[in-house]
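Architecture at a glance
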Amino acid sequence: MINYEEPGLWLLATPSSAYVVRLGPDGAPRCAHWGPRLTPDQARALPPGREELPGEGGERFGVAGLQVRYGDAVRGVEWRHLDHEIDPGGDGAAGHLVIRMADRHYPLEIDLHYRVRPGSDAIDRWTTLRNTGDEPITILRCDSAAWTVPQREDYRLTHVTGGWGAEFQVRRTALATAETVLTSRRGHSGHHANPWVMLDAGDATEDHGEVWSAALAWSGSWRITVERDHDGRAGWSGGFGHEGVTWRLGPGEALETPAFSGVYSAEGFGGISHRWHDHVRRHVLPEPRRVRPVVFNSWEATEFDISQAQQMELAELAAGIGVELFVMDDGWFGGRTGETAGLGDWWPNPERFPDGLTPLVEHVKRLGMAFGLWVEPESVNPDSELYRTHPEWVLRQPNRHPTEVRNQLLLDFSRDDVADWAYDRLDELVTGDDIAFLKWDMNRPFTEAGDEVWVPYIRNVYAVIDRLRAAHPHLMIEGCASGGGRADLGMIARTDQIWTSDDTDAAQRIAIQHGYGQIYPACTMGAWVTDSPNAITGGRTPLAFRFHVAMAGALGIGGDLRRWGPEDLEQAKHLVARYKEIRPVVHGGRMDRLADWAVQYTLDADVVVLSWRPTMLVRATAPLRLRGLDPDGRYRDEDTGEICHGALLMSHGLPRPWPFEGVSELKRFTRVG
Ligand code: GLA
């Protein structure tokens, strides 16, 4: 719900938070409140605070979320409020507010957008710039929004860092009195960072205390600058692009930024995650209610060394343990028998699949599974038919050496002809063999990209995926960039799940999943059970442990089933069946992190607890106390039939007398009274 309370004052209300915007005496919209719900009377009593999108000019010396240069080399903005447009929304409808501003002198208009959605605590904010003059304006920076948190004695920053095979490592550190830049300059959202941020006053815990957060819906380069100034105020400004990338806004043109959504919670980091998960499932995912099938993916089992007969054998074994979707990963097309050739040639390798993919697809379908394929549409190997035909399609700059990463170059997706080609090839592929699932990979960052590439490239990736989904409503898409290099709200808005990391070692995966789940819900978190010892780390874990870790997301199988003995296959079949029972709770329920090594999912009367002891360093001796149950309720332990009191499960918890590492447990409770 959004209301215009009095001239220059807007009150946005979500189920458990409020946001107040007030025009300052200088004409700039300012944040007066971001926190608990307020009445209109209380909102009216608030003075304007920090700017909603600070520019350059005047006595502004902090982070400039808006930097422009006009034709006469003058920089900055001086605001003039034009008007606003408001659709208040309300129960079951989205509210949308646009505050329209213009520069006092130059022909630049700016719209600040605010949107709230039914049942969600997220406030979406974005910006549109319009050049209403007849000379180009250079945009040096245009953030989606600046977010201000109320003044506190101290602040703590939470974010994730990492690398390939080690994504989403949560870091929680004191916020320096300085500018802290979280960014990706890579053209994808990144393994080393992820476009979200949280601040608290240093006092929040998993289930108590105030936390402010924001996440950007953008899959390319981005920058979030968190600022704590010498007067003790804090906030951040963020948006697409990284420093130094500029944009020419021609006469009559507009630039719209992606949404940078904010969520406040007074219920700690767990409360923040609940709100993000709900928001993503209700308002971001294109098909939130679609059942995420149990996937088999061939990558770790076979890598590039694939054949039709071998894939058929794997499909039989996968079907035997209850897999629902069989995905053939890299190595099926063109001359792609290794990393050096074939990317770009999206037709079945004629030696490996002399009769095309149809015999394999039919085989998979006869086994009762759907069929999916790995693709990497944005890349090309110089050794490919595509590159030989269209060397001019590659992202490069004159007089600069085109950098190869993993022996590949990027196609310049900012070109519409390249995007059209990609759409046509994928459309043909999906139509021809009735493909149910694409794993859309992107295995290298941008290099040699000019100013004008960074944004239209990502927009065209989005457009191709959107067109494919529209033409093939049943198609599922998994987003991937060498694991979790492009996991963000922009990608999640047009895919069904994300490949979280190439590190499938269950013991290490727990921390990766812990970080991923801070913002993104379990139904989007691709998680495979692979072989032991693990292909990347050499780590050994029992099969049940691997399953119990992967069951916390969208379960897949990525091991070489030909090497699993009959006992392993039997146990796997049993665990896949168990997973299918708990899947609605894991994917649709509220997730509580009981510890770094245990999660609980609760949906109506059903409660699922997954816990793990990955190493001896995890002292798994203290009881695991459940969360969010009805203290007066009685819950049946689905394995023992024992009836437990909700109050005791929460205060005394489940015993954990686990002597060794590699132990894990799946517990289910049903409320019976
Ligand atoms: C990336 C992905 C892997 C696999 C390979 C194939 O690294 O993250 O899962 O698909 O590419 O080349």
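Identification of the chain as alpha-galactosidase from Streptosporangium sandarakinum is taken from an unreviewed UniProt entry. Its UniProt record gives the chain a comment under Catalytic activity (unreviewed entry), which states: "Hydrolysis of terminal, non-reducing alpha-D-galactose residues in alpha-D-galactosides, including galactose oligosaccharides, galactomannans and galactolipids."

So, on to the site of the ligand. Surrounding the ligand, one finds 13 residues, the nearest of these being Asp329, Asp330, Lys439, Gly483 and Asp502. One of the side-chain N or O atoms of arginine 406 is found 2.9 Å from an oxygen atom in the ligand. At 3.2 Å, a side-chain N or O of asparagine 443 approaches an oxygen atom of the ligand. For the ligand, the accessible surface in isolation is 310 Å², of which the surrounding protein chains cover 97%. Considered class by class, the residues forming the shell around the ligand number four nonpolar, three polar and six charged.

The next thing to look at is the sheet that holds strand β31 (residues 554–557). Read around the closed barrel, eight strands run β22-β23-β24-β27-β28-β29-β30-β31, paired in parallel fashion. Across this sheet, the average inter-strand angle for adjacent strands is 30°, counted without regard to direction. Looking at chain direction, strand β22 (residues 295–297) and strand β23 (residues 325–328) are connected through three bridges and run parallel. Bridge pairing in β23 links asparagine 297 to valine 327. Each of β29 (497–499) and β30 (525–529) touches helix α10 (residues 506–516); the most contacted strand, β30, lies at about 165° to it.

This model, assessed by the stated rule, comprises 53 salt bridges. The salt bridge involving glutamate 56 is made with arginine 75; its shortest N-O contact spans 2.9 Å. Here arginine 75 lies in the loop between β5 (66–69) and β6 (79–87) and glutamate 56 lies in the loop between α1 (40–44) and β5, a separation of 19 residues in the sequence. Among the residues examined, glutamate 56 registers a relative accessible area of 19% and is labelled buried. Of the charged contacts in the structure, one is a salt bridge between arginine 583 and glutamate 324, with a shortest N-O distance of 2.8 Å. Pair noted here: arginine 583 is in helix α12 (residues 566–588) and glutamate 324 is in the loop between α4 (308–320) and β23, with a separation of 259 residues, a long-range link. Residue glutamate 324 is classed as partly exposed on the basis of its relative accessible area of 24%. A single salt-bridge network, built from bridges that share partners, covers Glu5, Glu6, Arg22, Asp41 and Arg44.

Conventions used here
Residues numbered from 1 in each chain as written. Predicted model: local features only at pLDDT ≥ 70, side-chain atom pairs only at ≥ 80, totals over all residues. Heavy atoms only, no water. UniProt positions renumbered as here; feature names shortened; annotations may be inferred. Near = heavy atom within 4 Å. Polar contact = N/O pair within 3.5 Å; in protein donor to acceptor, adjacent residues only side chain to side chain. Areas by Shrake-Rupley, 256 points an atom, 1.4 Å probe, with all protein chains shown as cover. Nonpolar A, V, L, I, M, F, W, Y, C, P; charged D, E, K, R; others polar. Pairing = 2+ DSSP bridges. Helix = DSSP H or I, 4+ residues; strand = E, 2+ residues; numbered from the N terminus. Axes fitted to C-alpha atoms, helices over the stretch in contact; angles between N-to-C directions. Contact = heavy atoms within 4.5 Å. Salt bridge = Lys/Arg side-chain N within 4 Å of Asp/Glu carboxyl O. Buried < 20%, exposed > 50% of the residue type's maximum accessible area, 1.4 Å probe, protein only.

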